[in-house]
Amino acid sequence: MRVLVVEDEPDLLRVVATTLREDGYAVDTAADGEDALFKAKAWEYDAVVLDVMLPKLDGWAVLQKLREVKHTPVLMLTARDTVQDRVRGLNSGADDYVVKPFSLTELLARLRALIRRSAGQSTAVIEIGEVCVNTLTKVVTRQDELVALTPMEYALVELLVLHRQQMVSRTTIYDHLFDEEDDSFSNLVDVHVSNIRKKLGRDFITTRRGQGYMIEG
Amino acid sequence: MIRSLRWRLQAWHAVVLTAVLSIFGMVVYHLLWQTRIDQIDSELHRTAEVLTSRLRRLLPAVQMSRWRPPMELPEVLGREWLQSLNTSNEMELESEVIQRPPSAPASDDEQARGSSGVFSEQQFGQRPFPPEIPRPESMTNLADEHWLPEDFVTLFEGVDAPLYYIVWDRDGVILQRSDFAPQVKFENLYKGWNSLPVRTVQSRGWLREVTHCTSFGNHVLVGRSIQGDVASQHGSGWLLAACGWLVLTLGVVGGGWLSGRALRPLASMSVTAKNISVENISQRIDLAETDSELGQLALVLNQTFDRLQSAFEHQLRFTADASHELRTPLAVILSQTELTLSKPRSSDEYRTALETCQRAGRRMRSLIDSLLLLARFDAGHPELQRGSVDLAEVANESVELLRPLADERKITLRSEVLPMSVVGDRDRLGQVVTNLLANAIRYNQEGGHVEVRVERVNGHAIVSVSDNGIGIPTEELPHIFERFYRVDKARTRVEGGTGLGLAICQSVVEAHGGQITARSEPEHGTTLEVRLPLPPETGKDLQNPGYLVAASSFHS
């Protein structure tokens, strides 16, 4: 899952980005409104964590302009917690709202729920045949036995599961799993797919040559 | 309710209306009465004139008739007819209509007649003219009615009821009286043969009478009862009063309706004003309906609401900004610790985490200090340690303090200061200069220069800090002293400013009775100028070079 974090306070930006990376997200960062809008328009993020008070273009303006072209889930991050602010946030198209100072656990939980909802999955635990993916604990079991996956493998499984019965192209996978700072060779999708098949069964992921991958179950 | 404007208005309206109507009614009543009396008087006069002119024509005969046997009247007068006229007069007027005056009651008729005869004799004895014709003794008490010969009755032709008449000669002897004439005491009006005719008007009880005195001393009294007129006048009075009440009632009811109508916009205004609260502070009184004096009031109220709204929004923005500024470092501390504690970390990671927390903590401390300082200034307790402060010294200290920062940015620091003493708080003034200098260095381009000047202009000490940086856009200039206002938000955050520096500078300078102003030319630089009042004795110091510089520049 790839997320854009927008925050003008450098320390907070770093902490939130680190937290999300440690939770297995690919994280892009932006420190002002203009940069944020540019990145949010250019990439297919699974979610945007957006601060309200931003230089150049404030969070509301970014949200409004983004909504003209995209429906990327947006989680607003703000120090204002009056009812009016919340109502305004939700009215202008924000999907959720977290008030500073926030708990990182809460932020992660809300972000996960947001991504799941936008993918059309309402439950945290998704079962595909004998495989069970728990997006809450990020644990995958097969025939009730724990399967050890690397974070990248889990991210790929989660992406495909959230878009089950849909074709997921290699570009999409690249877009969603790797952030702008990721330049390692770990982004070889084929290798990850083959590893996942070894662990979860050959037929878990179907390859459509020239198009991409999908989970049919 | 009783104290409400509308009721008071109505009460006053009623009082004024009553007063006006009463005065009007009284004037009209009086005028009516006057007109009536004038009509009666002119009627009486007219009749009396007719009688006197006839008397004058027949005077010799009348005069003679007192002591000579009655002459034969010419046949022309028609005696029979005249006599029948006299009897008809008697029938027309009831005897009780004529009230006799209290001075002459009916029972004392004889006595009154007698005394009037004596009186007239005494009065007349002194007169030189007409030559005294010896009067027969038997005629002294000859105050008999209808003394004139029967034939002279034609004199009084046309004097009908309710008029009555009495004719005396100059001695008060009744020559003739109408049948129903009351007893009237003779009053001599005769002033001599060459005097002008005299006329008098008098009221006796219900009677109105005029007396004319001819040049020969004959007195003619014509009177009538005015009882009927008084009654009719009273009737008019009651009618007037009734009309007055009607007008008063209509006026009060109409006034109530009008005042209600006039005050209705006021009521709606008060309802609107009452409903304006924090939630709907942008609501305003509708000006469309009230384009009168009330419209002015509404306009003024709306302007007040505008100012209140602006103040309120200002306050709200400040609170939100302060809350944001405090919550952000708090969020850093909390999330950093949460992240670090979520799993075992290396010592480097711990160090980074602690450093982050320290930075955030320091920022909170400086923010809280600034907010408390501003709050003290706002509350009017700046707690200034007042003393004599040399601004040159203060400026030089600030320059030295910030030289490392300037060197780091490759910015040239110049200072041109004159020794200048003001009364103030040395630390706070130092804070102001340091703040201005730090801003000038921070927002200048690399290789730029910053200049501090301390000089004297027009009896004021001026501390100015100018840079040749990018300047402040003209539209932002009025806002730079606002709390948490940032021209370039991103840059300030990186620099670690609180957004309160210039607001504090302004508060400090204003607490010293001074002024702080900013001039800026985009792309050419900014000058911030602090103007402080000088103590009076040094302000007049002619030997001071600063003064001379100012003076010479003034003359050039």
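Residues numbered from 1 in each chain as written. Chains lettered and ligands numbered in written order. Predicted model: local features only at pLDDT ≥ 70, side-chain atom pairs only at ≥ 80, totals over all residues. Heavy atoms only, no water.

**Observations regarding the sheet that holds strand β11 (residues 515–521) of chain B**
Either a parallel or an antiparallel arrangement is found when strands of a sheet pair, and the pairing is made through backbone hydrogen bonds.
Residue and element names in this part refer to chain B.
Right, so step 1: What the five strands build is an open sheet, ordered β7-β9-β10-β12-β11; its pairing is mixed. Strands with a single pairing partner mark the edges of an open sheet, and in this sheet they are β7 (412–417) and β11. Each strand axis lies, on average, 15 degrees off the axis of its neighbour in the sheet, ignoring direction.
Right, so step 2: Two strands pair when backbone bridges link them, and β7 and strand β9 (residues 449–457) are joined in this way by six bridges, in the parallel orientation. Across the sheet, residue T412 finds its bridge partner in β9, namely H449.
Right, so step 3: Across the face of the sheet, helix α8 (residues 391–408) comes into contact with β7, β9, β10 (460–467) and β12 (525–533) while running at roughly 175 degrees to β7. (Pairing = 2+ DSSP bridges. Helix = DSSP H or I, 4+ residues; strand = E, 2+ residues; numbered from the N terminus. Axes fitted to C-alpha atoms, helices over the stretch in contact; angles between N-to-C directions. Contact = heavy atoms within 4.5 Å.)

**Brief notes about the environment of T72(A)**
Right, so step 1: Note that T72(A) resides in the loop between α3 (59–69) and β4 (74–78).
Right, so step 2: With near-sequence residues (within four places) excluded, T72(A) lies in contact with Y45(A), D46(A), A47(A), V48(A), L66(A), R67(A) and D95(A).

**Details of the packing of aromatic side chains**
Right, so step 1: Applying the stated criterion to the full structure yields three aromatic pairs over all chains.
Right, so step 2: Ring centres of Y174(A) and F178(A) lie 5.7 Å apart, and the angle between their planes is 45 degrees; this geometry places the pair in the tilted category.
Right, so step 3: On the numbers, 5.2 Å between centres and 55 degrees between planes, the contact of W168(B) with F186(B) is tilted. You can see W168(B) sitting in strand β1 (residues 164–168) and its partner F186(B) sitting in the loop between β2 (174–177) and β3 (198–204), a full 18 residues away along the chain. Take W168(B) and F186(B): they sit in the same class, and that class is buried. (Phe/Tyr/Trp six-rings, centres within 6.5 Å; stacked < 30°, edge-to-face > 60°. Buried < 20%, exposed > 50% of the residue type's maximum accessible area, 1.4 Å probe, protein only.)

**Some details on the sheet that holds strand β5 (residues 219–225) of chain B**
All names here are of chain B.
Right, so step 1: Pairing is antiparallel in the open sheet, where five strands are placed in the order β2-β1-β5-β4-β3. Of all the strands in the sheet, the pair left with one neighbour each is β2 and β3. On average, each strand axis in the sheet is inclined to that of its neighbour by 15 degrees, with strand direction left out of account.
Right, so step 2: Bridge analysis of β1 against β5 gives five bridges, and the strand direction is antiparallel. Residue pairing for β5: Y164 is matched across the bridge by G223.
Right, so step 3: Of the strands in this sheet, β1, β3, β4 (207–213) and β5 touch helix α1 (residues 5–57), which is tilted by about 35 degrees from β4.

**Some points on the confidence of the model for chain A**
Right, so step 1: For chain A, the average pLDDT comes to 85, and 97% of its residues sit at 70 or higher.
Right, so step 2: Element-level mean pLDDT values for chain A span from 76 in helix α4 (residues 83–91) of chain A up to 92 in strand β1 (residues 2–6) of chain A. (pLDDT = per-residue confidence, 0-100.)

**What about the confidence of the model for chain B?**
All names here are of chain B.
Right, so step 1: Confidence in the prediction of chain B, expressed as mean pLDDT, is 76, and 74% of residues score 70 or more.
Right, so step 2: Between residues 64–147, whose pLDDT stays under 50, and residues either more than four places distant or in other chains, the model counts 109 contacts.
Right, so step 3: Overall fold confidence for the complex sits at a pTM of 0.56, while the interface term, ipTM, reaches 0.77.

**Focus: the packing of helix α1 (residues 10–22) of chain A against helix α6 (residues 293–341) of chain B**
Right, so step 1: Two elements in contact, α1(A) and α6(B), have axes whose closest approach is 9 Å; the angle formed by their N-to-C orientations is 30 degrees. The orientation of α1(A) with respect to α6(B), classified from their angle, is roughly parallel. The handedness of the crossing between α1(A) and α6(B) comes out as left-handed. For the pair formed by α1(A) and α6(B), the contact residues are D11(A), L12(A), R14(A), V15(A), T18(A), T19(A) and E22(A) on the first element and A331(B), V332(B), S335(B), Q336(B) and L339(B) on the second. (Parallel < 35°, antiparallel > 145°, perpendicular 65-115°, else oblique. Left-handed = near helix turned anticlockwise from the far one by under 90°.)

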